[in-house]
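Chain and residue survey
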Amino acid sequence: MRTMARRTRRGLPLWLYVLALVIVPQIGVGLLTTAAVRGQQAEVASARHAEQAVQALARLDAVRHGVEQEIVPSLASWVVEDPATAQRLNVGEAIVAAVAVQMRQATADSRAATDAAVAALPASSAGSEPVLRALEQLSRLRADIDAHDGIEVEDVYFAHVEVSNTLAQAQDQAAAAATSGEVPAATMRATRDVEITAALAQASARVFPLFLAAQLDAGDLTIGSRLAGESAWLAYQDAQRRMSDLSQPALVAAWERTRATQLMTRVDGLLAAQAAGTLTRLTVAELLPLMSEGPEHDSLLNDLVADAVTNARALAAADAARAHEELVTTLQLGVGILVVGGGAATYVGLRLGRALGGLAEQAGRVSEGRLVDVAVAGPREVRTVSAALGSTVASLRRVQDQAAAVARGDLDDAVLDQPLPGPLGEVVHASVQQMVTSVRQREELQVALAHRATHDPLTELPNRAQAVAAVEGALHRAQRSGGTTGLLFVDLDGFKVVNDRYGHACGDEVLRTTAARMLSAVRTGDTVCRLGGDEFVVLVEQVDDERELVQLAERLVALVSVPVDSGGVEVRIGASIGVAVSRDGGTDADVFFAEADTAAYRAKAHGRGRAEVFDDDLRRQLTARAETEAAIAAGLAAGEMRLCYQPVHEVAGGAVTGFEALVRWHRPGVGPVPPDQFVPVAEASTLICDIDRWVLGEATRQLAEWRAAAPPAAGRPEPTVAVNISGRHLAEPRVVRDVVDALAASGLPASLLVLEVTETVLVSDPAAYDHLATLREMGVGIAIDDFGTGYTSIGQLRHMPVDTLKIDRSFIGSTDPGHEELVALMVRAAHTFGLTVVAEGVEEPEQLARLRAEGCDHAQGYLLHRPLPAEEAGALLGAVPAALGS
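Residues numbered from 1 in each chain as written. Predicted model: local features only at pLDDT ≥ 70, side-chain atom pairs only at ≥ 80, totals over all residues. Heavy atoms only, no water.

Another point: the overall build of the chain. Scanning the chain from terminus to terminus reveals 31 helices and 16 strands. Going through the 886 residues of the chain one by one, you find that 42% of them count as buried. Of the contacts made within the chain by residues no fewer than 6 positions apart, 72% connect residues no fewer than 24 positions apart. (Helix = DSSP H or I, 4+ residues; strand = E, 2+ residues; numbered from the N terminus. Buried < 20%, exposed > 50% of the residue type's maximum accessible area, 1.4 Å probe, protein only. Contact = heavy atoms within 4.5 Å.)

Shown next, in the form of structure tokens:
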């Protein structure tokens, strides 16, 4: 045992082995970092070399372009300075001389441009053998041209071409240098784009001079020149075909725009006609513009070359910047790893040395028989920890994959269904599944909400907003196709009676049944929509004959009129339908709706249960109504409206207890307009809300002014002012704010304002009912106007937010004994429910006497006072009350 113990204590400590295992990888990291840095340095150098090569390529192309731009003016100058030119061209010598001056100036300008491009060459390119050779050729060529001796006109062209070819060799060397290193594919393609566009520009610059030479040929053009012209044309066509190999979409788009220009089309057309042999010889007047259009044609193509060079330089510069950034990052990362690794190696060596020393001691104890033997390769504990760690890492990777699938919205990924090991894995997997379920439920909810926003929840038909969108779309389609579109406005007859008599549940069943019947009657592709309440529309596209619309309307009337069985109760309704027709979609959607609505209104006026088609008579009515609406709006703005006040008297004592504010309109050029002519027009639009707001403000202001001028006597109740509020205004959320604003502006107490509404508004519009309840809680008085003309039962009064009952004048003025008894019943019922009663339309003393006998509280009518101007009405407040009827 002691021998074995001594053997186990021999050798190096375990922490040194651990430290060695840590340090060796650090050395490897250092070597790899060094290699990576060298590679990055090489990449940076390659990218910068590519950038310089692309720049050199661009400079060389500028020189080559300059040389080729010298061809046309040099040739033209050579030709026109020939004394025989004027005779050959059949033009005056003065014209030839003028052209010669122009060509000499053009030659000087093109040479200056070429020299500027040569001066801009980088030193590496300017000193290359092809460039030096080309510059030497160009110098000799210019001298020969200027001497005008020892050289033929064809030699001028071919000598320039030779210089251009020499420069093209230098360009090829620059392009090869740009792509010789490890250049990214994008930069490589951009460099090839430069070569492609440069080849097209070079071919263009060569073919045009030969075209001019052929036009000026007097029969002495050599076969070589003709073959050169044909070869140049074929090379130009081939270069154009190669433009389809461009890799950059922006460059392709620029090429398409360039080739579509009028200049390109004209010049290429002339070149093609010349090549095909179909072009007749051009006159001098026609050739002179071409001498400037040719260089412009070349300039367009050289602009493409410039674009390609710019893109290639940008990519090469980006490659260099990226490579430099990667070099810096690699250096920083390598140094960081070495520093952190060195520190970590020392720390880990000390910590793990102690830990593994303990493990070594335990291994020694195992070898003595107290634990399972450990393999010589290493302690079992290390392998166990490694295996456990590997399992943990695998689980964490699976969690990461699941989280990534949820984050990118891939809820059908199979990895989401893979369970995780252990209790923690079960919890995590359950959480992921819950997130997936929540996301799916949210998507389903969004679809449902989108459907709700565009459909009526009761009938599942498209709602008003969707109906407007459908009509607008149909009219746009009709404009394009020239088709006819029909719109049927369906207004149900008697639905409110069903709703009031049998309840809203029965009314809902009737609406659902009616919607189903209408859907069964229309064609596939026609659209049935519910606008709201008892109003529907049917949109019909591609109408061949207007009679089809009338026949459809008559079918709908018949179907809707069939009794509906609702819970064992058989109810009947009808339908009045207005038909509007739009040809070629030449109608605005709002006008289209208004036309169909107007026709439906006439159907109701003519007895209901029928269909009417919008015609010229209705159009005149609609136009008149539109004019009236505009006049009402203008009248409100111009102050044409005024208020009259009809006093309300106490029946018992005769005192004035209040006033009803009645709007009057004196229209310039027309005179007084009766309320029954302009109020219904206003009620058909939001104008009635504007009128209501004005009346509220004016009436409260006037009563506040009266109170300030003549304070009421002690013990006498203060007079009130009653204002009629339309159902449309009451349904708006703004109505409460309008009343509050009017009271605040006038300083009038809320208890002195009475709002008069019809009973139909109270029973048919829940929103209006809620707004009235809110106003009543503020202290504003609420009165039911024209009671008895609607469908409200007396028993419903106890549940309504009202204070006053105003009995309609038709009951007061009737001599029917049944009506007299009904008035007495209304008075008693109102008093039973704590309401005060106002009788309207009292015009005879006998009527007043009956009301006094029945205990009616207040009365108004022509017997007492007609509606008065504000001055006369205010004077009544200070008067001593007289006995009524005297």
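Further remarks concern the nonpolar core. Ile 632, Tyr 645, Leu 753, Leu 755 and Val 780 are the most contacted members of the largest nonpolar core, which has 75 residues in total. When residues in this core are grouped by element, the largest group, 10 residues, is from helix α23 (residues 687–709). In terms of nonpolar packing, the next biggest core, distinct from the first, is built from 37 residues, Leu 210, Ala 232, Met 243 and Met 264 among them. (Core = buried A, V, L, I, M, F, W, Y, C linked by side-chain atoms within 4.5 Å.)

What follows covers the packing of helix α25 (residues 735–746) against helix α27 (residues 766–777). Working note: a packed helix pair is described by the angle between its axes plus the distance between those axes. As a packed pair, α25 and α27 sit with axes 10 Å apart at the nearest point and diverge in direction by 25 degrees. For the element pair α25 / α27, the angle class is roughly parallel. Note on packing geometry: the crossing formed by α25 with α27 is right-handed. Contacts from Val 735, Val 736 and Val 739 in α25 reach His 771, Thr 774 and Leu 775 in α27. The class makeup of the residues in the contact of α25 with α27 is four nonpolar, two polar and no charged. (Axes fitted to C-alpha atoms, helices over the stretch in contact; angles between N-to-C directions. Parallel < 35°, antiparallel > 145°, perpendicular 65-115°, else oblique. Left-handed = near helix turned anticlockwise from the far one by under 90°. Nonpolar A, V, L, I, M, F, W, Y, C, P; charged D, E, K, R; others polar.)

Here we take up the packing of helix α16 (residues 464–481) against helix α20 (residues 589–605). Following both chains from N to C, one finds α16 and α20 inclined at 110 degrees, their axes separated by 9 Å at the closest point. In terms of their interaxial angle, α16 and α20 are classed as roughly perpendicular. Between α16 and α20, the residues in contact are Ala 467, Val 468, Val 471, Glu 472 and Leu 475 and Ala 589, Phe 592 and Phe 593, respectively. Split by residue class, the contact of α16 with α20 holds seven nonpolar, no polar and one charged.

Here the focus is the side chain of Asp 526. Among the secondary structure elements, Asp 526 is positioned in the loop between α18 (504–521) and β2 (527–532). At a separation of 3.0 Å, a polar atom in the side chain of Asp 526 contacts the side chain of Arg 523. (Polar contact = N/O pair within 3.5 Å; in protein donor to acceptor, adjacent residues only side chain to side chain.)

Quick look at the packing of aromatic side chains now. Here the structure, examined in full by the defined rule, presents four aromatic pairs. Centre to centre, the rings of Tyr 645 and Phe 659 are 6.4 Å apart; their planes meet at 85 degrees, and the pair counts as edge-to-face. Highlighted residues: Tyr 645 in strand β8 (residues 641–650) and Phe 659 in strand β9 (residues 656–667), separated in sequence by 14 residues. Note on Tyr 645: relative accessible area 1%, which makes it buried. (Phe/Tyr/Trp six-rings, centres within 6.5 Å; stacked < 30°, edge-to-face > 60°.)

Looking now at unusual backbone geometry. In this model, Arg 608 sits at a positive phi of 65 degrees, which is unusual for a non-glycine residue. Considering the arrangement of structural elements, one finds Arg 608 in the loop between α20 and β7 (611–613). In the Ramachandran plot, Asp 786 falls in the positive-phi region, its phi being about 55 degrees despite a non-glycine side chain. With respect to the element layout, Asp 786 can be found in strand β13 (residues 781–787).

Looking at the chain, pLDDT values average 78 and 76% of them are 70 or higher. Residue range residues 362–367 is modelled with pLDDT below 50. Its contacts to residues more than four positions away, or to other chains, number 10 contacts. Counting contacts from residues 369–378, a segment whose pLDDT is below 50, to residues more than four positions away or on other chains yields 15 contacts. (pLDDT = per-residue confidence, 0-100.)

Bringing helix α7 (residues 129–147) into the picture now. Taking 1.5 Å per residue, 19 residues should reach 27 Å; α7 reaches 27 Å between its end C-alpha atoms and fits that length. Of all the positions in α7, only Pro 130, Val 131, Ala 134, Gln 137, Leu 138, Leu 141, Arg 142 and Ile 145 are classed as buried. Seen end-on, α7 carries its buried residues on one side only, within an arc spanning 135 degrees. Across from the buried face of α7, at angles greater than 90 degrees, the exposed residues are Asp 146 and Ala 147. (Expected span 1.5 Å × (residues − 1). Arc of directions from axis to C-beta.)

Now for the sheet that holds strand β3 (residues 535–540). With mixed pairing, five strands are arranged side by side in an open sheet as β2-β3-β1-β6-β7. With one partner strand each, in any of the chains shown, β2 and β7 form the two edges of the open sheet. Strand-to-strand twist in this sheet, taken as the mean axis angle between neighbours without regard to direction, amounts to 20 degrees. Of the pairings in the sheet, the one linking strand β1 (residues 484–493) to β3 comprises six bridges and is antiparallel in character. The partner of Leu 487 across the bridge, within β3, is Leu 539. (Pairing = 2+ DSSP bridges.)

Before going further, it helps to spend a moment on the pairing of β9. Of all 12 residues making up β9, nine are buried, and the element is well covered by its neighbours. Taken together, the nine bridges between β8 and β9 define a ladder with antiparallel strand orientation. Across the sheet, residue Val 648 finds its bridge partner in β9, namely Gly 658. The antiparallel hairpin formed by β8 and β9 contains five residues in its connecting segment, where Gly 654 sits at a positive phi of about 90 degrees. Relative to strand β11 (residues 720–724), β9 runs parallel, the two sharing four bridges.

A cluster of nonpolar residues, Ile 23, Ile 27 and Leu 31, forms a patch on the protein surface that exposes about 290 Å² of accessible area. Looking at the element boundaries, Leu 31 is found in helix α2 (residues 14–69). (Patch = residues over 30% accessible without salt bridge, like charges linked within 9 Å, V, L, I, M, F, W, Y side chains within 5 Å. Areas by Shrake-Rupley, 256 points an atom, 1.4 Å probe, with all protein chains shown as cover. Salt bridge = Lys/Arg side-chain N within 4 Å of Asp/Glu carboxyl O.)

This part takes up the pairing of β1. Counting buried residues along β1, 10 of its 10 residues qualify, which places the element largely inside the surrounding structure. Across 10 bridges, the pairing between β1 and strand β6 (residues 574–583) is antiparallel. Within the sheet, the bridge partner assigned to Leu 492 lies in β6 and is Ala 575.

When we look at burial in helix α11 (residues 249–259), the residues that qualify are Leu 251, Ala 254, Trp 255 and Thr 258. Across the axial projection of α11, the buried residues extend over an arc of 100 degrees, all falling on one side. Turned more than 90 degrees from where α11 packs its buried face, Pro 249 and Arg 257 sit exposed.

A word on the side chain of Thr 514. Assignment of secondary structure puts Thr 514 in helix α18. Taking the relative accessible area as the measure of exposure, Thr 514 reaches 1% and is therefore buried.

Pairing between side chains of opposite charge can happen when the charged atoms of each approach one another. For the structure on display, the rule yields 27 salt bridges. Across the salt bridge formed by Asp 493 and Arg 608, the nearest N and O atoms sit 3.4 Å from each other. With a gap of 115 residues between them, Asp 493 in strand β1 and Arg 608 in the loop between α20 and β7 connect regions that are remote in the sequence. Judged by its relative accessible area of 8%, Asp 493 falls in the buried class. Residue Glu 546 is joined to Arg 583 by a salt bridge in which the shortest nitrogen-to-oxygen separation is 1.6 Å. Taken as a pair, Glu 546 in helix α19 (residues 546–561) and Arg 583 in strand β6 lie far apart in primary sequence, 37 residues in all. When salt bridges with common partners are traced through the structure, they connect Asp 491, Asp 493, Lys 604 and Arg 608 into a single cluster.

Attention now moves to the environment of Arg 530. With respect to the helices, strands and loops of the structure, Arg 530 is situated in strand β2. Along the backbone, Arg 530 and Thr 459 are 71 residues apart, and their C-alpha atoms lie at a distance of 7.9 Å. Leave out the neighbours within four places in its chain, and Arg 530 touches Asp 456, Leu 458, Thr 459, Leu 461, Pro 462, Asn 463, Arg 464, Leu 511, Glu 535 and Phe 536.

Attention now moves to the environment of Leu 200. Among the structural elements, Leu 200 can be located in helix α9 (residues 185–215). A C-alpha to C-alpha distance of 8.4 Å links Leu 200 and Asp 238, two positions 38 residues apart in sequence. Leaving out residues up to four positions away in the same chain, Leu 200 has contacts with Tyr 236, Ala 239, Gln 240, Met 243, Trp 255 and Leu 301.

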